[in-house]
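# Fold and contact review
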Amino acid sequence: MLVQFKINKTLDKKLIHEFLNTFAGGVDFSKGIIRLHPDIKKVKGMDSDKKMRFISKYVNNYYSKNKTKINKKLSEIQNSWNEKEKTYFEEIRKVFGIKKPIQRKYVAYVSIINSCPRWISKKEFCVGYNLTITNNILVICHELVHFFFYDYMNKKYPKSLNNEQKWIYSEIFNVVILNKPQFKQLFEPLKEQGYPAHKKNFNKFQKLYDNSKDMNEFFRKSIQLAKNI
């Protein structure tokens, strides 16, 4: 299988520390963390070192208490994704015009928070221990699209957008692609929602995609839209 699921306690500690101060696309990520882990709100007002020590101890205890459940969830996500992986990558190849079979390996970390970041260059991302299996299938589909999107952009249009524009464009692109029937069937009854701050742009990009003869034409035209967001 191309996507392998792992556990990384050290990474979770770093992510909690980072996402307690992250607001993006109209989403306050700290609220989601504290909703799942109310004790974490005690770190507010602490200096960075003390905050990190508190988070480290909290995560160690959480993993110790929930080790069996976390491992079980990892297996459930892996098994569910294995059933859908072939279909997903076949459709991705069609969307991006990829002729050769996809052989690149990807790593997904099962995280105790639901922020689900991704690392483009390493082809790694997170799914959520506290999310349902269906929600995690959507997360997997979402994050994998990002890798193909950035590969395409960096190859064909490397200097067309700055990093902020590219990120917004990538998130809107996911809404356009993942709500197509061939992908949506993988995580129904859910749908790709996107970020609240980008919602007003969805229809413009959707119409442009539907009226483009191929992906290259869509990118060429939609990049101009992305520059004006």
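Refer to the structure presented above.
Residues numbered from 1 in each chain as written. Predicted model: local features only at pLDDT ≥ 70, side-chain atom pairs only at ≥ 80, totals over all residues. Heavy atoms only, no water.

### Topic: the packing of aromatic side chains
The tally for this structure, following the rule as stated, stands at 27 aromatic pairs. Look at Tyr209 and Phe218: their rings are 5.2 Å apart centre to centre, the planes differ by 85°, and that puts the pair in the edge-to-face class. With respect to class, Tyr209 is no different from Phe218; both count as buried. The ring of Trp119 is capped by Lys122, whose NZ or CZ atom sits 5.6 Å from the centre of that ring. (Phe/Tyr/Trp six-rings, centres within 6.5 Å; stacked < 30°, edge-to-face > 60°. Buried < 20%, exposed > 50% of the residue type's maximum accessible area, 1.4 Å probe, protein only. Lys NZ or Arg CZ within 6 Å of the ring centre and 35° of its normal.)

### Details of unusual backbone geometry
With an omega of 10°, the peptide bond between Glu188 and Pro189 qualifies as cis. Secondary-structure assignment places Pro189 in the loop between helix 6 (181-184) and helix 7 (202-210). One non-glycine residue with positive phi stands out, namely Cys116, at about 50°. Looking at the element boundaries, Cys116 is found in the loop between strand 4 (106-111) and strand 5 (118-119). (Helix = DSSP H or I, 4+ residues; strand = E, 2+ residues; numbered from the N terminus.)

### Remarks on helix 5 (residues 163-178)
In a regular helix each residue adds 1.5 Å, so 16 residues correspond to 22 Å; helix 5 covers 22 Å between its end C-alpha atoms and thus fits that length. Burial within helix 5 is extensive, with 14 of its 16 residues counted as buried. Structurally, the start of helix 5 carries an N-cap: the backbone nitrogen of Glu164 is 3.2 Å from a side-chain oxygen of Asn162. (Expected span 1.5 Å × (residues − 1). Polar contact = N/O pair within 3.5 Å; in protein donor to acceptor, adjacent residues only side chain to side chain.)

### Considerations on the packing of helix 1 (residues 9-19) against helix 3 (residues 48-96)
The geometry of a pair of packed helices is captured by two quantities: the angle between their axes and the separation between those axes. Between helix 1 and helix 3, the shortest axis-to-axis distance is 9 Å and the interhelical angle comes to 135°. As summarised for this structure, helix 1 and helix 3 are arranged oblique, according to the angle between their axes. Considering how the two elements wind past one another, helix 1 and helix 3 form a crossing that is right-handed. Contacts between helix 1 and helix 3 involve Lys9, Asp12, Lys13, Lys14, Ile16 and His17 from the former and Ser48, Lys51, Met52, Ile55, Ser56, Val59, Asn60 and Tyr63 from the latter. A per-class count over the contact of helix 1 with helix 3 returns five nonpolar, four polar and five charged. (Axes fitted to C-alpha atoms, helices over the stretch in contact; angles between N-to-C directions. Parallel < 35°, antiparallel > 145°, perpendicular 65-115°, else oblique. Left-handed = near helix turned anticlockwise from the far one by under 90°. Contact = heavy atoms within 4.5 Å. Nonpolar A, V, L, I, M, F, W, Y, C, P; charged D, E, K, R; others polar.)

### Some words on the nonpolar core
Counting 79 residues, the largest nonpolar core has Trp81, Tyr88, Phe89, Leu144, Tyr169 and Phe219 as the members making the most contacts within it. Among the elements that make up this core, the one with the highest residue count is helix 3 (14 residues). If near-sequence neighbours (up to four positions away) are discounted, Trp81 is found in contact with Val3, Phe5, Tyr88, Phe89, Ile137, Ile140, Cys141 and Leu144. (Core = buried A, V, L, I, M, F, W, Y, C linked by side-chain atoms within 4.5 Å.)

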